[in-house]
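Spelled out from the first residue to the last, the chains are:
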Amino acid sequence: MATPAPKPASTPAPGARVTEIEIGALSKTFGRGAQAFRALSDVSVSINRGEFFTLLGPSGCGKTTLLRLIAGFEQPSGGTLRIGGREVAGLGPNQRPVNTVFQNYALFPHMSVAENIGFGLRMQRRPAAERRETVDRMLRLVRMEAMADRRPTQISGGQQQRVALARALAPQPRVLLLDEPLSALDLKLRKEMQSELKRLQLETGITFVFVTHDQEEALTMSDRVAVMSEGRILQTGTPEEIYNRPADRFVADFIGDTNFLDAVVQDITATHAVVRLPGGARLAANLPAGGGTAAGATVTVVIRPEHARLVGDSADGPADEGAVLSGQVERSVFFGTDTHVHLRLSDGTPFVVRRQNTAAATPPPEIGREVSVALAGGAVQVLRN
Amino acid sequence: MAIKQTSAATPAAVPERHGHKWLLSAPALIILILAASGPLLIVLVYSFLTPGNFGGVVWRFSTEAWFRVFFSRDIFDPEVVSLNHAHLAIFWRSVSLALQTTVICAILGFPTAWFIATRPQHTRAFWLFLITIPFWTNLLIRTFAIQEVIRNQGLINTTLMRLGLTDAPIQMMYTDFAILVGMAYVFLPLMVLPLYAAMDKLDIRLIEAGYDLYASRWQVLRRIVLPLVKPGFVAGSILVFIPSIGAFVTPRVLGGGRNMMLGNLIELQFGQGRNWPLGAALAMTMLVLVVGALIFYIRYVGRTEDAGREHG
């Protein structure tokens, strides 16, 4: 098993990206005949070396199936899967330079923490001295030196999590797969482990493929995110791209709070369009990658609540300009750092404006008031139909 | 703290209920005392008495029966004493056959239990049900059925001869082989059931984790599956070994008169031998053998287990 030791802190510069995992038209069907279930359909994606790549989606979207295909626990029904340039279809999990952190850790209960961490090295028949040295280094890396002789049942959930990480990192895989590793932890521990994971990824320089259904986790930790639904990847991009430029209704709805409006395309270029909003205002809007719409078509556009502000609301900047929508205040919900003002637009569509709370604590507009809404530049995103 | 509060909330009711719980075990206790401890005491007392002429015992204290368990006297000169080789051979055969049966059951039982444990959840009850079917028929009838298969004019030999593979029947009846086949068949479910119970609890992700960490199939079996299902092996081995060492019907029917086991030797003393004290002493010897083997086994096999439990 030739697994070259990844060089720490050698994350390649953005210009010099090397592809680590190349997935082409991968599909997976479970069962056959009438009971066949297509868990993955024609998934194509390439993951760069040293990248923190997240597969995000609701349960049953195929993200875990994709992870298990990369790990080798399942074999694909079709398509190609290359790791480090080598086709791995047909190879078992013990023949792939890939290690997994399991959802419930799957630590060996009959072995000590140190034995768990050293298991992979032992199976690879590395010399005893090297094994001891690596296990010690891994224990230090995850700050578990004091627990080396404990059994997995004698340590806490967060500690088990760290041991599972160390065990998977010890053989120095090219790729580390993480299957919802934080879902069993409570909120505070989860936050701690998020930064811990990020630190480990930067320190080791190993490619991380992370599976989660938690959009916040995906946005805060990842270099890139692939949003999945019903066995397909709907959109791949940086967290900013996914959040600000959702290509798809599902993506927009799944990540963050969003306003959906119907609009008519008036004019169109390669990347932008001019659309007419319900109130009659004409605005420049971003087109999704691949375009796919034409002048005169009715499309759905999304506007994030924090990209909108109430005109004349002193807390939200200039009072005069850019009113494009108008509606009536239905209710306000206080969230601490901000307040969500729920409006009903003149055509009946609901619309939410997020209003930053300041020390001045200006009260939100009272219910029933007629207000106008202005939008930040580039706030309007056209969705794929 | 929470525990203290709840117990303080119902201070009177709890101790009172606890006080009568032992009554639930009374029926089992009564049966144990009447059917196990009582007869055992009688057997112990009989082993120190003198045999009656037509069976039974004469109430006169004697250690002769215990002496005869291990030694025999010369027919012409009772003062000439030698080891009772016939008895020692039977002890050895019993222990050896019981051990072999246990090993055969373990080897056959492991894949069987694994097969059941890896079936879809809703079909497992069916497979377990199949395992228990042999219990429905009388042991003697099942043993005679095996005889029909392996005797000289039985199923195997007639088939082999008709196919021209052998000229003369292969002698299988009245051999240790026949006894082993019979005992392995009878006691196999006692190995499969505890093994299945242990495998049922085995988390399949531990096996995946093993493969993920570069273990081969053999290494996954040896380093992960076997250590984790060991409690099933221990329970199954005890359940098979104990009845094997005292097996009576199987060696009698399949082993014939020459391949006696301890159970047959004891039966002989109470029957044709008309030496009840010797039978009683032999029965006590077997009890000591079984208990000794058990203690040795649990200590030896339990050792590695203890190392694991020391912390937990």
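Analysis parameters
Residues numbered from 1 in each chain as written. Chains lettered and ligands numbered in written order. Predicted model: local features only at pLDDT ≥ 70, side-chain atom pairs only at ≥ 80, totals over all residues. Heavy atoms only, no water. pLDDT = per-residue confidence, 0-100. Helix = DSSP H or I, 4+ residues; strand = E, 2+ residues; numbered from the N terminus. Contact = heavy atoms within 4.5 Å. Buried area = accessible area lost by both parts, 1.4 Å probe. Salt bridge = Lys/Arg side-chain N within 4 Å of Asp/Glu carboxyl O. Pairing = 2+ DSSP bridges. Axes fitted to C-alpha atoms, helices over the stretch in contact; angles between N-to-C directions. Parallel < 35°, antiparallel > 145°, perpendicular 65-115°, else oblique. Left-handed = near helix turned anticlockwise from the far one by under 90°. Nonpolar A, V, L, I, M, F, W, Y, C, P; charged D, E, K, R; others polar. Domains from an automatic or database assignment.

## Here's the deal with the confidence of the model for chain A
Fine structural detail should not be taken from predicted coordinates in areas where pLDDT scores are low.
Residue and element names in this part refer to chain A.
At step 1: Considering every residue of chain A, the mean pLDDT works out to 88; 92% of them sit at 70 or more.
At step 2: When the elements of chain A are averaged for pLDDT, strand E13 (residues 282-286) gives the smallest value, 87, and strand E3 (residues 52-56) the largest, 97.
At step 3: pLDDT under 50 marks residues 1-12. Its contacts with residues more than four places away, or in other chains, come to 24 contacts.

## Some thoughts on the interface of chain B and chain A
At step 1: Listed as interface residues are 20 residues of chain B and, on the opposing side, 30 residues of chain A.
At step 2: Broken down residue by residue, the surface that chain B buries against chain A is led by Asp212, Leu213 and Tyr214 of chain B, which jointly contribute 36%.
At step 3: Between chain B and chain A we count one salt bridge in total.
At step 4: For glutamate 208 of chain B, the salt bridge goes to arginine 68 of chain A, with nearest N and O atoms at 2.6 Å.

## Comments concerning the sheet that holds strand E1 (residues 19-30) of chain A
All names here are of chain A.
At step 1: An order of E2-E1-E4-E5 is seen for the four strands of this open sheet, with the pairing classed as antiparallel. Edge positions in the open sheet fall to strand E2 (37-48) and strand E5 (86-87), since each of these has one partner strand only.
At step 2: Here five bridges tie E1 to strand E4 (residues 78-83), and the two strands are oriented antiparallel to one another. Within E4, the position partnered with glutamate 22 by the bridge is arginine 82.
At step 3: Sitting on the sheet, helix H1 (residues 63-71) is in contact with E1, E2 and E4, with an inclination near 115° to E1.

## Some words on the packing of helix H2 (residues 113-123) of chain A against helix H3 (residues 128-141) of chain A
All names here are of chain A.
At step 1: For the pair H2 and H3, the least separation of the axes is 9 Å and the interaxial angle reads 130°. Of the possible angle classes, the one that applies to H2 and H3 is oblique. You can see that H2 and H3 cross each other, and the crossing is right-handed. Between H2, through Val113, Ala114, Ile117, Gly118, Leu121 and Arg122, and H3, the contact on the second element is made entirely by Arg131, Thr134, Val135, Met138 and Leu139.
At step 2: Partitioned by chemical class, the residues of the contact of H2 with H3 number seven nonpolar, two polar and two charged.

## Examining the domain arrangement of chain A
At step 1: With domains assigned, chain A is organised as domain 1 (15-244) and domain 2 (257-382).
At step 2: For domain 1 of chain A and domain 2 of chain A, the distance between their C-alpha centroids amounts to 39 Å.

## Quick notes on the sheet that holds strand E8 (residues 207-212) of chain A
Residue and element names in this part refer to chain A.
At step 1: Pairing within the open sheet is mixed, and its six strands lie in the order E6-E7-E8-E3-E9-E10. Only two strands of the sheet have a single partner each, and these edge strands are strand E6 (98-101) and strand E10 (232-237). Strand-to-strand twist of the sheet, defined as the mean angle between neighbouring strand axes without regard to direction, takes the value 20°.
At step 2: Both strand E7 (residues 175-179) and E8 contribute to a ladder of five bridges, which runs parallel.

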